[in-house]
Amino acid sequence: MGKKVHFSELGLVNTREMFSRAVDGGYAIPAYNFNNLEQIQAIVTACAETSSPVILQVSKGARDYANSTMLRYLALGAVEMAREKGANIPITLHLDHGDSLELCQSCVDSGFSSVMIDGSHLPYEENVKLTRQVVEYAHQYDVSVEGELGVLAGIEDEVQAEKSTYTRPDEVVDFVTKTGVDSLAISIGTSHGAYKFKVKPGEAPPSLRFDILSEVEKRLPRFPIVLHGASSVVQSYVELINKYGGKMEGAIGIPEDQLRQAAASAVCKINIDSDGRLAVTAKVREYLANNPGEFDPRKYLGAARKELVALIKHKNETVLGSAGKA
Ligand code: G3H
Ligand code: 13P
Ligand code: ZN
């Protein structure tokens, strides 16, 4: 670990003001995961061109894949690139699904402006304790902290059957008060990955539990709520992937109208990773199938990056409502 650097020296902002404006304005800030150069170029280009605030998210897996220092510099490059484009958009660098106090501390010390501590798998009191420790450290540096209550269903889980994994509205006030978190991720039926529900072909996925969201909102008025696992699993990408040699049967996500409804209420951060992965995979497969002699990565990754820009602009403009809110 090099010398400590504070996020304000890097042109980054924490989530305080962006969330408060999003809650009042009835939209959500997009939180896009990135692991490589093309993804971050696409995110910053699309957010600059739609004048949207943005949260750049780095997961533990992304740090392992790309090297944590490299990813941090990519994010800082993105901040500079946005400025050069003349886009004055607020940019947050956020740790996604932090799993320990040490990891969160290391991100705070290296210039992140927001961290998530995901204690959602722990017994309640342990989740409170760990989250509180992260808040105590991060708030010394004005870094925002996201906590989580309730467990998102995994790929193999039956969302409808796993009622106990939904966030319990009766716990949220106690959790927020005891921990001091700045935002709270909740479980209302979303799930991570490209296989969010098991439904028969042509059948609609079960609706998100808006009743739970509104109970949470009643107990925590104007408090920033976060939705993980919120990709729509864009079917045109799944079809392209399957057409060009892939095998993604039964991939299904959250309908856009439900995300829009969530964004209009207390949800002010929506996490999207899988849709970006699908866009990249679809376009790389299509490009290589149509250009079998091509071996310049700039060609097929360039095609993927272009699609990612279009996807992110669409999300900002039509789903999250963050376009024009910078
Ligand atoms: O919520 C998880 C994100 O999609 C990050 O996924 O851990 O494979 O990087 P990852
Ligand atoms: P998706 O897998 O639905 O894109 O969710 C991403 C996420 O929640 C990152 O934390
Ligand atoms: Zn997540």
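Please refer to the structure higher up on the page.
Summary of the structure given here. A quick note: this is a predicted structure, and the numbers were derived from the prediction, not measured.

Here we come to unusual backbone geometry. Positive phi, close to 50 degrees, is recorded for S51, a residue that is not glycine. You can see S51 is positioned in the loop between helix 2 (37-49) and strand 2 (54-59). Accessibility expressed as a relative area gives 33% for S51, which makes it partly exposed. Of note, N67 is a non-glycine position whose phi angle comes to about 85 degrees, a positive value. Summarising the element assignment, N67 is placed in the loop between helix 3 (60-66) and helix 4 (68-84). The partly exposed category is assigned to N67, whose relative accessible area is 42%.

Moving on, we get to the pattern of salt bridges. In the structure shown here, the tally under the stated rule is 19 salt bridges. Here K4 ties to D109 by a salt bridge, and the two come within 3.9 Å at their closest N and O atoms. Linking K4 in the segment before helix 1 (16-25) with D109 in helix 5 (residues 101-109), this pair joins segments that are 105 residues apart in sequence. Three or more residues joined by partner-sharing salt bridges are found here, namely D170, E215, K218 and R219.

So, about the site of ligand 2. Residues in close proximity to ligand 2 total 16 residues, the closest being D96, K196, S231, D273 and S274. The side chain of H192 places a nitrogen or oxygen atom 3.0 Å from an oxygen atom of ligand 2. Here an oxygen atom of ligand 2 sits 3.1 Å away from a polar atom, N or O, in the main chain of A230. Protein chains shield 96% of the accessible area of ligand 2, which is 310 Å² for the free molecule.

This part takes up the packing of aromatic side chains. How two aromatic rings sit relative to each other is given by the distance of their centres and the angle of their planes. In this structure the tally under the stated criterion is 2 aromatic pairs. Here the aromatic rings of Y124 and F175 are separated by 6.2 Å at their centres, their planes lie at 55 degrees, and the arrangement is tilted. In this pair, Y124 sits in helix 6 (residues 124-138) while F175 sits in helix 7 (residues 169-179), placing the two residues 51 residues apart along the sequence. Relative accessible area serves as the criterion here: at 0%, F175 is assigned to the buried category. With a centroid separation of 5.3 Å and 50 degrees between ring planes, the pair formed by Y137 and Y141 is classed as tilted. Here the guanidinium or amino end of R72 rests over the ring plane of Y73, the centre of that ring lying 5.0 Å away. Over the ring of Y166 we find R209; its NZ or CZ atom is 5.1 Å from the centre of that ring.

Taking 1.5 Å of rise per residue, 15 residues should cover 21 Å, and helix 6 covers 21 Å from first to last C-alpha, within 8% of that figure. Among the residues of helix 6, those classed as buried are N127, V128, L130, T131, V134, V135, Y137 and A138. Where helix 6 is buried, its residues meet helix 5, strand 4 (114-117), strand 5 (144-149) and helix 7.

The computed volume of the largest pocket comes to approximately 350 Å³. Along the wall of the largest pocket there are 24 residues; nearest its centre are H192, G193, D273, S274 and R277. Among the secondary structure elements, those contributing two or more residues to the lining of the largest pocket are strand 2, strand 3 (91-98), strand 8 (267-272) and helix 11 (274-290). Residue contributions to the lining of the largest pocket peak at 4 residues, all from helix 11. Looking at the lining of the largest pocket residue by residue, the class counts come to 7 nonpolar, 13 polar and 4 charged.

Calculation criteria
Residues numbered from 1 in each chain as written. Chains lettered and ligands numbered in written order. Predicted model: local features only at pLDDT ≥ 70, side-chain atom pairs only at ≥ 80, totals over all residues. Heavy atoms only, no water. Helix = DSSP H or I, 4+ residues; strand = E, 2+ residues; numbered from the N terminus. Buried < 20%, exposed > 50% of the residue type's maximum accessible area, 1.4 Å probe, protein only. Salt bridge = Lys/Arg side-chain N within 4 Å of Asp/Glu carboxyl O. Near = heavy atom within 4 Å. Polar contact = N/O pair within 3.5 Å; in protein donor to acceptor, adjacent residues only side chain to side chain. Areas by Shrake-Rupley, 256 points an atom, 1.4 Å probe, with all protein chains shown as cover. Phe/Tyr/Trp six-rings, centres within 6.5 Å; stacked < 30°, edge-to-face > 60°. Lys NZ or Arg CZ within 6 Å of the ring centre and 35° of its normal. Expected span 1.5 Å × (residues − 1). Contact = heavy atoms within 4.5 Å. 1 Å grid on protein atoms, 1.4 Å probe; cavity = no way out; pocket = protein on both sides within 12 Å on 5 of 7 lines; lining within 4 Å. Points joined across faces, edges and corners; volume = space filled by probe spheres on them. Nonpolar A, V, L, I, M, F, W, Y, C, P; charged D, E, K, R; others polar.

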